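Residues per chain, in single letters:
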Amino acid sequence: QVQLAESGGGWVQAGASLRLSCAASGRTSRLNCMGWFRQAPGKERESVAGIEKNLGTTYYADSVRGRFTISRDNAKNTVYLQMNSLNVEDSAVYYCAARDRLCGSSWSQSRSYNYWGQGTQVTVSS
């Protein structure tokens, strides 16, 4: 089994930055794709970013490309999401997810992920 634990959420003003962390534990050697998703109240869960755990290839949703950066530290089994120029529309619960398959073109499909964290709240005020 794999456990994921997010941290780093909080309340910030528009234009500020936050860095989220996702620490993986358990059978992490089987993981190949890590992703970040978010869900705002009344909205469906949406993809934010993904990263191939071994190759380091990154993927981004259009809404965050250029503002958010996903990275990983395999020695620490941790994935990060650096979020810059935050705006009110970025407010949501952010979830870390992982799966055994490579990311590829399906990285944004939340149903394809085997493991999920509990989520961390990000609130951006104007």
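Parameters and conventions
Residues numbered from 1 in each chain as written. Predicted model: local features only at pLDDT ≥ 70, side-chain atom pairs only at ≥ 80, totals over all residues. Heavy atoms only, no water. Pairing = 2+ DSSP bridges. Helix = DSSP H or I, 4+ residues; strand = E, 2+ residues; numbered from the N terminus. Axes fitted to C-alpha atoms, helices over the stretch in contact; angles between N-to-C directions. Core = buried A, V, L, I, M, F, W, Y, C linked by side-chain atoms within 4.5 Å. Buried < 20%, exposed > 50% of the residue type's maximum accessible area, 1.4 Å probe, protein only. Contact = heavy atoms within 4.5 Å. Phe/Tyr/Trp six-rings, centres within 6.5 Å; stacked < 30°, edge-to-face > 60°.

Description of the sheet that holds strand 8 (residues 78–83)
Right, on to step 1. Pairing in this open sheet of four strands is antiparallel, and the strands run 1-3-8-7 from one edge to the other. Pairing within the sheet leaves two strands with one partner each, and these edge strands are strand 1 (2–7) and strand 7 (68–73). Strand-to-strand twist of the sheet, defined as the mean angle between neighbouring strand axes without regard to direction, takes the value 15 degrees.
Right, on to step 2. As paired elements, strand 3 (residues 18–26) and strand 8 share six bridges and run antiparallel to each other. Each residue of the ladder has a partner; that of Leu18, found in strand 8, is Met83.

Remarks on the nonpolar core
Right, on to step 1. Core analysis: the biggest nonpolar cluster contains 30 residues, and Leu4, Met34, Trp36, Leu81, Met83 and Tyr94 have the highest contact counts within it.
Right, on to step 2. Listed by contribution, the elements that provide at least two residues to this core are strand 1, strand 3, strand 4 (33–39), strand 5 (46–52), strand 7, strand 8, strand 9 (92–99) and strand 11 (120–125).
Right, on to step 3. For Leu81, the contacting residues outside a window of four places in its chain are Leu18, Arg19, Leu20, Trp36, Val48, Ala49, Phe68, Thr69, Ile70 and Tyr94.

A few points about the packing of aromatic side chains
Each aromatic ring pair is summarised here by two numbers: the centre-to-centre distance and the angle between the ring planes.
Right, on to step 1. What the rule picks out here adds up to five aromatic pairs.
Right, on to step 2. A centroid spacing of 5.1 Å and a plane angle of 75 degrees characterise the contact between Phe37 and Tyr113, whose relative ring orientation is edge-to-face. Of this pair, Phe37 sits in strand 4 while Tyr113 is found in the loop between strand 9 and strand 10 (115–116), placing the two residues 76 residues apart along the sequence.
Right, on to step 3. Since its relative accessible area comes to 0%, Phe37 is described here as buried.

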